[in-house]
Structure formats: structure tokens, C-alpha cells
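Residue-level structure breakdown
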Amino acid sequence: LSSQLLREKRGRVRQIAVAGLIIVFSALGIKTFFQCRVWKDSLTLSSAMINANADYNKALPMKEFFSRVYLNRGMAQMDKGDEDSALQDFNAIINFDPGFAEAYSNRSVIHLKNKKYDLALTDLNKAVELEPDLFKAYGNRGIVYAALKRYDLAIANYDQALRFNPSFAGLYFYRSLAYADMGRFDVALADAVKAQTLGHPNLESYIHQLKSYVTSK
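Residues numbered from 1 in each chain as written. Predicted model: local features only at pLDDT ≥ 70, side-chain atom pairs only at ≥ 80, totals over all residues. Heavy atoms only, no water.

What about the packing of aromatic side chains?
Worth spelling out the cut-off: Between rings of Phe, Tyr and Trp, where Trp is taken as its six-membered ring, a pair exists when centres lie within 6.5 Å; planes separated by under 30 degrees are stacked, by over 60 edge-to-face, and by other angles tilted. In this text, helices come from DSSP runs of H or I with a minimum length of four residues, and strands from runs of E with a minimum of two, each type numbered from the N-terminal end. Think of it in three bands: residues with accessible area under 20% of the maximum for their type are buried, residues over 50% are exposed, and the middle band is partly exposed, with areas taken using a 1.4 Å probe on protein chains only. In this scheme, Lys NZ or Arg CZ marks a charge over a ring once it lies within 6 Å of the ring centre and within 35 degrees of the ring normal.
With the rule as written, the count across this model stands at six aromatic pairs. Ring plane angle 50° and centroid distance 5.1 Å describe the contact between Phe185 and Tyr213, whose orientation is recorded as tilted. A residue pair is termed long-range when its members are at least 10 positions apart, and Phe185 in helix 11 (residues 185–197) and Tyr213 in helix 12 (residues 204–215) qualify at 28 residues. Grouping residues by exposure puts Phe185 and Tyr213 together as buried. Grouping aromatic residues by their ring pairs yields a cluster made of Tyr158, Phe173, Tyr174 and Tyr206. Residue placement shows Lys194 over the ring face of Tyr172; its charged tip is 5.9 Å from the ring centre.

Written out as C-alpha cells, the structure is:
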């Protein structure tokens, strides 16, 4: 393939793949507090818990309690599109509990969405330093490197994340995008099919496009 045609194909594949895509790694692996029922409004729940009486504070050590509740509320703020409030909650955790890795990982998503890649990488490097098996931090770092067109580093981070969570469909999908951006459509196709097999939705058009590129080589 000529370099121009290859670039055009990469662009078409990416347009198909990322239509309606959102960053998924901020909310992974967070459990509901005290094994309670699913609440319809996580923001209301978290705010209520922050203002709760001492009975809640006795349930967990003080630092862990506040870190978890603020983390939950920050993610709820992100779901509502209120990034400023989410950032305040993640900053509050880091100020109060600077060893809490998930706060850095989640804050990186806000930096990433605002294209502040240096800040995102700083947070993610800190997150994996504090918690080396935090797979979503490696996933987020892969997304940052892909945005910077450092596809080799993106794939290395997706690989690391998959070592810790080999059944998470989104990781195969993002790695597929990185391979497609490199023009490696055969391995991109294999990852896309794996992501679909694991339950990632709406990949039919993307997979069809990849198949057409693989067979046209």
C-alpha cells in the first residue's frame, strides 16, 4: 500500500471505530460501598455519605472512607459531565490521601479529555508506582500514548493491562485501534474480534472494514 492510501485507510477505520466512543477506564472495578443495593443516583448517595453520621465513619478507617466516597462522587460527577466538580473531588482525595492510586488514574481521564497529556501521564505514572497491578491505569496510559501517536508504548501498556485483566473487552478494542493506526490490520482484526467475543458492542462495521483491508493486501 502507498503511504497516502495507508493513511486514508487508517483514518476511515478510526472514524468507524471511535464514533460515539467514551473513555471507559475511569470507572472500572469500583465496588458499591458496604455491598449495598445499586443506587439510582450515585451522586446523591456519595454526597449523603460524606455528610453522614458517625455510624458510617466507624465502618471503615477514616482515610479509606473519605477516599472511597469522594472517588465514587467524582466518578458520578464525570458521568453527569461535570468535570470541574469531579476534578475537585479527585484533588481532595490526593490532598487528603496521596497514596490512593485510583484518584490519580481517574484524574488522568479529565486531563486526557482536555488534551493535557503531560498531566495525564504524570498522574498515571504515579498511579502505577503506587499500585503496580492497577490495570485501568495502564489502559489509560495506553490511550494517552495513542493520542500522542506513540503506538508502540500504547500497545505495551495495553499488553500490561491485559496481563492483569485478560477478559476486559475494551482493552482489546483500544489495542486494535493502535494496531490499525500502525497499518497492522491483521492483528487489529484479531483484537477487534476478541473484543466482540468478550461483549464489546457495536463493532460490526469496524470489523467489516478491517476485513476488507486485510483481504486487499
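Some words on the nonpolar core
Worth spelling out the cut-off: As used in this record, nonpolar core signifies buried Ala, Val, Leu, Ile, Met, Phe, Trp, Tyr and Cys residues forming a set joined through side-chain atoms within 4.5 Å.
By size, the foremost hydrophobic cluster in this structure holds 53 residues, and its most contacted members are Phe90, Val144, Tyr158, Leu171, Tyr206 and Leu210. The element best represented in this core is helix 10 (residues 169–181), accounting for eight residues.

Describing the environment of Val69
Secondary-structure assignment places Val69 in helix 4 (residues 62–79). You can call Val69 buried: its relative accessible area is 0%. Note: C-alpha distance between Val69 and Ile93 (24 residues apart in sequence) is 9.4 Å.

Structural notes on helix 10
Defined as follows: Expected span, for any helix, means 1.5 Å times one less than how many residues it has.
Here helix 10 spans 19 Å end to end across 13 residues, near enough to the 18 Å set by a 1.5 Å rise per residue. Counting buried positions over the 13 residues of helix 10 gives 13, a clear majority of the element. Just downstream of helix 10 lies Gly183, where phi reads positive at about 80°.

A look at helix 5 (residues 83–96)
Put simply, the test is: The arc in question is the one spanned by the directions pointing from the helix axis to the C-beta atoms.
For helix 5, built from 14 residues, the straight-helix expectation of 20 Å at 1.5 Å per residue is met to within 8% by its first-to-last C-alpha distance of 20 Å. Buried within helix 5 we find Ala86, Asp89, Phe90, Ile93 and Ile94. Taken around the axis of helix 5, the buried residues stretch over an arc of 135°, which confines them to a single face. With respect to the buried face of helix 5, the exposed residues turned more than 90 degrees away are Asp84, Gln88 and Asn95.

Points about the environment of Arg68
Cut-off, in case you're wondering: Pairs of N or O atoms within 3.5 Å make up the polar contacts considered here, provided that, within protein, one atom can donate a hydrogen while the other can accept it, and that residues adjacent in sequence are counted only when both atoms are side-chain atoms.
Tracing the sequence through the fold places Arg68 in helix 4. Arg68 gets classed as partly exposed once you look at its relative accessible area, which sits at 27%. In sequence terms Arg68 and Glu102 are 34 residues apart; their C-alpha atoms lie 9.4 Å from each other. Here Glu102 takes part through its side chain, which lies 2.9 Å from a polar atom of the side chain of Arg68.

Quick word on the pattern of salt bridges
Note the cut-off: Salt bridge, as applied in this entry: a Lys or Arg side-chain nitrogen positioned within 4 Å of an Asp or Glu carboxyl oxygen.
The final tally for this structure, using the stated rule, is nine salt bridges. Residue Arg73 pairs with Asp89 through a salt bridge whose shortest N-O separation is 3.0 Å. In this pair, Arg73 sits in helix 4 while Asp89 sits in helix 5, placing the two residues 16 residues apart along the sequence. Asp89 carries the same exposure label as Arg73, and that label is buried. Glu129 is the partner of Lys126 in a salt bridge, and the nearest nitrogen-oxygen pair spans 3.7 Å. Separated by three residues within a single helix, Lys126 and Glu129 lie in helix 7 (residues 117–130), roughly one turn from each other. Assessed through its relative accessible area of 29%, Lys126 is described here as partly exposed. Counted as one network, the salt bridges with shared partners bring together Arg68, Glu102 and Lys136.

In short, geometric facts, not functional conclusions.
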